[in-house]
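# Understanding the architecture of this molecule
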Amino acid sequence: FFFRDPFSSHAHIADIQALSRLVDCYQCYCGSNYRSASAVLSFMHGNLRKQLSTGVRCSILKPQGVDDLAGVVQADYKSTRAAALTQSGTGAPAAAA
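A count of helices and strands for the protein gives three helices and zero strands. For the protein, the residues scored as buried account for 9% of the 97 residues in total. Considering only intrachain contacts with a sequence separation of at least 6, the fraction spanning at least 24 residues in the protein is 43%. For the protein, the exposed area adds up to about 8100 Å²; of that, 59% sits on carbon and sulfur atoms.

Given below as structure tokens:
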């Protein structure tokens, strides 16, 4: 959980934004305020109780045939981003080194 004060400026705003991008990219549970943190904990606790009572893991499941969910999500993002750039006329993005 990463709590921040939304009413004050932060000298390290770039770090906060980078952390938020990583959380989105890797689809991690994130609670940036009390309410969202509470909801995440409640959800995780409910899943744990189900797992303990049934013996079946009750979390986000990967679709069949997908070994690396983050890789699939990132590849899909990159392809839609490239299509958007091509459609806008700016061409394909430069490959990362």
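So, next bit.
On to helix α1 (residues 13–25), then. Note on helix geometry: an α-helix contains 3.6 residues per turn, so any two residues three or four positions apart are oriented the same way. With 13 residues, α1 should reach 18 Å at 1.5 Å per residue; the first-to-last C-alpha distance of 18 Å fits that figure. Directly after α1, the chain includes Q27, whose backbone phi takes a positive value near 50°.

Taking 1.5 Å of rise per residue, the 20 residues of helix α3 (residues 69–88) would be expected to cover 28 Å, and the 29 Å separating its terminal C-alpha atoms lies within 8% of that figure. A positive phi of about 90° marks G89, the residue just after α3.

Of the residues in the protein, 87% have a pLDDT of 70 or more, and the chain-wide mean is 81. At the level of individual helices and strands, the protein shows its lowest average pLDDT in α3, which scores 82, and its highest in helix α2 (residues 34–54), which scores 89.

Moving on: a nonpolar patch on the surface. On the surface, a cluster of nonpolar side chains totalling about 510 Å² of accessible area is made up of F1, F3, Y34 and L41. Here F1 shows up in the segment before α1. Residue class for F1 comes out exposed when judged on its relative accessible area of 55%.

Okay, the state of the cysteines next. In total, this model carries zero disulfides according to the counting rule given. Here C28 stays unpaired: no disulfide links it, and the sulfur of C30, its closest cysteine neighbor, is 8.4 Å away. On the accessibility criterion, C30 (41% relative accessible area) is partly exposed.

What counts, and where the lines are drawn
Residues numbered from 1 in each chain as written. Predicted model: local features only at pLDDT ≥ 70, side-chain atom pairs only at ≥ 80, totals over all residues. Heavy atoms only, no water. Helix = DSSP H or I, 4+ residues; strand = E, 2+ residues; numbered from the N terminus. Buried < 20%, exposed > 50% of the residue type's maximum accessible area, 1.4 Å probe, protein only. Contact = heavy atoms within 4.5 Å. Areas by Shrake-Rupley, 256 points an atom, 1.4 Å probe, with all protein chains shown as cover. Expected span 1.5 Å × (residues − 1). pLDDT = per-residue confidence, 0-100. Patch = residues over 30% accessible without salt bridge, like charges linked within 9 Å, V, L, I, M, F, W, Y side chains within 5 Å. Salt bridge = Lys/Arg side-chain N within 4 Å of Asp/Glu carboxyl O. Disulfide = S-S within 2.5 Å.

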